[in-house]
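Structural overview for review
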Amino acid sequence: MYHLAEIKSIITNISDADIALMENEKISFDSVRKEIIRSAESKDFQAVPGSGKTTLLASKILLISNKWHFKDCGICVLSHTNVAKDEIKKKIIESGLGKELLKYPHFIGTIQEFVDKYLAQSIIRYLGYKIRIVDTDIAREKIEHSLAFKTKSYLTKKHIPFNLKITSVVPLEFKMPNNLSSNTSTYNDLYTQKEKSLKDGYFYYDDMYAFANYAIKTDPNFLSSIRCRFPLIFIDEAQDNDSKQDSLLEKIFNDISCIYQRFGDSDQAIYDFNGEDQKNTFGKRISTIKINDSKRFSIKHIDLIKNFKLSSINLTAISDEPKVIPQIITYSEKTKSQVIPKFLELIDNYFDVDNHPIVKIIGFIASSDNPKNSICDYLENYEKKRKSDKFNSLIELIYSLRATRNLDLNKAFYKIIGFIIRKHNIPYENDFLNLQKKSSIRSFLSKNDSERRFSRYIFNILTKPITEDIWKDFCECICKTFHIAKLNSQNIVTFLSEQPAKSEERCFEKTKIKCDSNNYLYTPKKKIRVEIDTIHGVKGETHDATLVLETSYYGVKDISNCLMGKESKNQKKDIKNDRKSRYKN
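Reading the values: rules and limits
- Each chain has its residues counted from 1, running along the sequence as written.
- This being a predicted model, a pLDDT of at least 70 is required before a residue's local features are given, and a value of 80 or more before pairs of side-chain atoms are given or counted; all residues contribute to the totals for chains, interfaces and linings.
- For side-chain calculations, the full set of non-hydrogen atoms in the structure is used, while hydrogens and water are omitted.
- Here a helix means four or more residues in a row that DSSP labels H or I, a strand means two or more in a row labelled E, and each is numbered from the N terminus.
- Each aromatic pair joins two rings of Phe, Tyr and Trp (for Trp, the six-membered one) with centres within 6.5 Å, and gets the label stacked for planes under 30 degrees apart, edge-to-face for over 60, and tilted for any other angle.
- Categorising residues by exposure relies on relative accessible area from a 1.4 Å probe, with only protein chains included: less than 20% of the type maximum marks a residue as buried, more than 50% marks it as exposed, and the intermediate range marks it as partly exposed.
- Any Lys NZ or Arg CZ that is within 6 Å of a ring centre and within 35 degrees of that ring's normal is treated as a charge sitting over the ring.
- Values of pLDDT, which run from 0 to 100, indicate the predictor's confidence residue by residue.
- Residue contacts are counted whenever heavy atoms from the two residues lie within 4.5 Å of one another.
- Pairing between two strands requires that DSSP report at least two bridges joining them.
- Inter-axis angles, ranging from 0 to 180 degrees, are taken between N-to-C directions of lines fitted to C-alpha atoms, where helices are fitted over the stretch in contact.
- In these notes the angle categories are as follows: under 35 degrees is roughly parallel, over 145 is roughly antiparallel, 65 to 115 is roughly perpendicular, and the rest is oblique.
- Here is the rule for handedness: rotate from the far helix to the near one, and if that takes an anticlockwise turn smaller than a right angle the crossing is left-handed, while a clockwise turn gives right-handed.
- Gly falls in the polar group here, along with every residue not listed as nonpolar (Ala, Val, Leu, Ile, Met, Phe, Trp, Tyr, Cys, Pro) or charged (Asp, Glu, Lys, Arg).
- As used here, the arc belongs to the directions running from the helix axis to the C-beta atoms.

On to the environment of E87. Mapped onto the elements, E87 comes out in helix α5 (residues 82-95). As a C-alpha pair, E87 and T54 span 33 residues in sequence and 7.6 Å in three-dimensional space.

Here it is, written out as structure tokens:
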């Protein structure tokens, strides 16, 4: 806490001349934004969509870092999604001013990364566990694969999903499906396999929060050490933190020894009505300083969307005319299959492929066992993909990466390595290589003088045509690099030809429109690429055009009164969730 007064002084004494260094033709800060930059209190800042919130936050961090001279503590910047994290890092790198922010003692990352690195990993290792993979889907698959046939049959027959979240670290207890009795064979099998999975180093994302809370509970000095390490904390898109994230961060940083600032927009929250436990606390310390002017929306946009807002903040526009006029596509059950083709026609009319527009089709519900309306009702072969790119084979991952616009080669490098080390245990220094320790991977490759050669192979695989012979050479390179006598995983050695032409040809069947294996469509005339995703999957992104599909678990509601601002109080409450999913897009 001994640095706190000086940190506050650094923030409050940021001058107009300092701020001018952050401004250019596209970026300028009015008196409201300058006031937020100079704020050194623990507050929640509400900012409307398109207000330049992330730019403002990145600029504030840069201005502070220019005068930061503390060697033993740093600035902590957290976000719910990788998209938001990457956007902040991108702005810092582009500025050319704050590269020190990307190194010790500072931390910029997702909340999950922060919890893993600073809260959970040390106590997990102290308790005798190793950490190989932190990934709920992979850990759950490992458990499911190990279950006895009788257990699997029982769960399938009863339609019982199993979660097995940790409810107690010591003694070790799990949340069992259907409150299974501890004296049943099903309970014992589930418990045994989950326990074995943990001992083998496979953790759910939520498991890390259980260990983090255990560390806080058992070590009286734990909280003070974290607060000393990070006395200045910023949270971006804070409205999207779920209850476990929110309560943990509040427990750590809502303290007089910290400056804890959260940025967000309660109207854009997407998780508090998607089965999450509780709403988060964003807005509890709401600042009177609000940013209500949007650079994204025109007056015409605001006239359409203002009735979908739930907060009291007044949304205003900077421009009069929209780049693209808002469109509402109406349909019946008989014409639902024509919604997406109509949107693709509109995209052809408004955009040129040479300008590389970012266009997406999104919906709240991807699919479910019994959806009334999901993305799959409009696009029959859509399959939601995990952001961590869960693919059946390495070649499918490669093709997906090749199709990515503005591909980050460093991220691609680790995604490919991650796939390999999940299929093969690569021993290194009394442990196995895993993505939780990227420094170990770099050290392993450097010691074996393999990093440059393997990087070159990956670059060629990602940028040049792939034949079966080239793929065989790449597999041999994998063996040499990681000292694997023989690749025993067909998921790695299997070769598939890339067939983009077929993907585009099948996009325009009039009654059964389909996307390709990467969830892309292409417009009929100009071949502009359009990606399909969920609202959750694109959170934090900026698009040139977006189609928001009508989806619902319980049937589509009539929102015509809402569009005209005439809904009753009961109607307003009933369609709250529908309004929010439309407003934020």
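Enumeration over the complete set of coordinates arrives at 23 aromatic pairs. Ring geometry for F174 against Y191: centres 5.0 Å apart, planes inclined by 50°, an arrangement best described as tilted. Placement of F174 in strand β6 (residues 173-174) and of Y191 in helix α9 (residues 185-199) is noted, with a sequence separation of 17 residues between them. The class of F174 is buried, set by a relative accessible area of 8%. Taken together, the aromatic side chains of F413, Y414, Y428, F444, F454, Y457, W471, F474 and F482 make up a single cluster linked through ring pairs. In this arrangement the basic side chain of K423 is found over the ring face of F419, its NZ or CZ atom lying 5.4 Å from the centre. R529 extends its terminal NZ or CZ atom over the ring of Y520, reaching a point 4.1 Å from the ring centre.

Cis geometry marks the peptide bond from Y104 to P105; its omega dihedral reads 10°. Within the secondary structure, P105 sits in the loop between α5 and β3 (107-110). Residue K527 is not a glycine yet carries a positive backbone phi of 55°. The topology assignment puts K527 in the loop between β15 (520-522) and β16 (529-534).

Per-residue confidence for the chain averages 84 on the pLDDT scale, and 86% of its residues sit at or above 70. The weakest mean pLDDT in the chain belongs to helix α21 (residues 500-505) at 40; the strongest belongs to strand β8 (residues 232-236) at 97. Within the model, pLDDT remains below 50 along residues 500-511, and this stretch shows 22 contacts once partners closer than five positions in the same chain are excluded.

The strand order across the open sheet formed by four strands is β15-β16-β12-β17, and the pairing between neighbours is mixed. Each of the sheet's edge strands pairs with one partner strand only, and the pair in question is β15 and β17 (545-548). Neighbour-to-neighbour, the strand axes of the sheet open up by a mean angle of 25°, direction not taken into account. Across five bridges, the pairing between strand β12 (residues 359-363) and β16 is parallel. Within the sheet, the bridge partner assigned to I361 lies in β16 and is I532.

A separate point is the packing of helix α7 (residues 136-146) against α9. At a closest axis distance of 9 Å, the pairing of α7 and α9 adopts a crossing angle of 130°. In terms of orientation, α7 lies oblique with respect to α9. In this structure, α7 meets α9 at a crossing whose hand is right-handed. Between α7 and α9, the contacting residues are A139, K142, I143 and S146 on the first element and Q193, K194 and S197 on the second. Looking at the contact of α7 with α9, its residues break down into two nonpolar, three polar and two charged.

Quick look at helix α1 (residues 4-12) now. Within α1, burial applies to L4, I7, I10 and I11. Buried positions in α1, seen along its axis, are confined to an arc of 120° and lie on one side of it. Next to the buried residues of α1 lie α3 (31-37), α4 (53-65), β8 and β9 (259-264).

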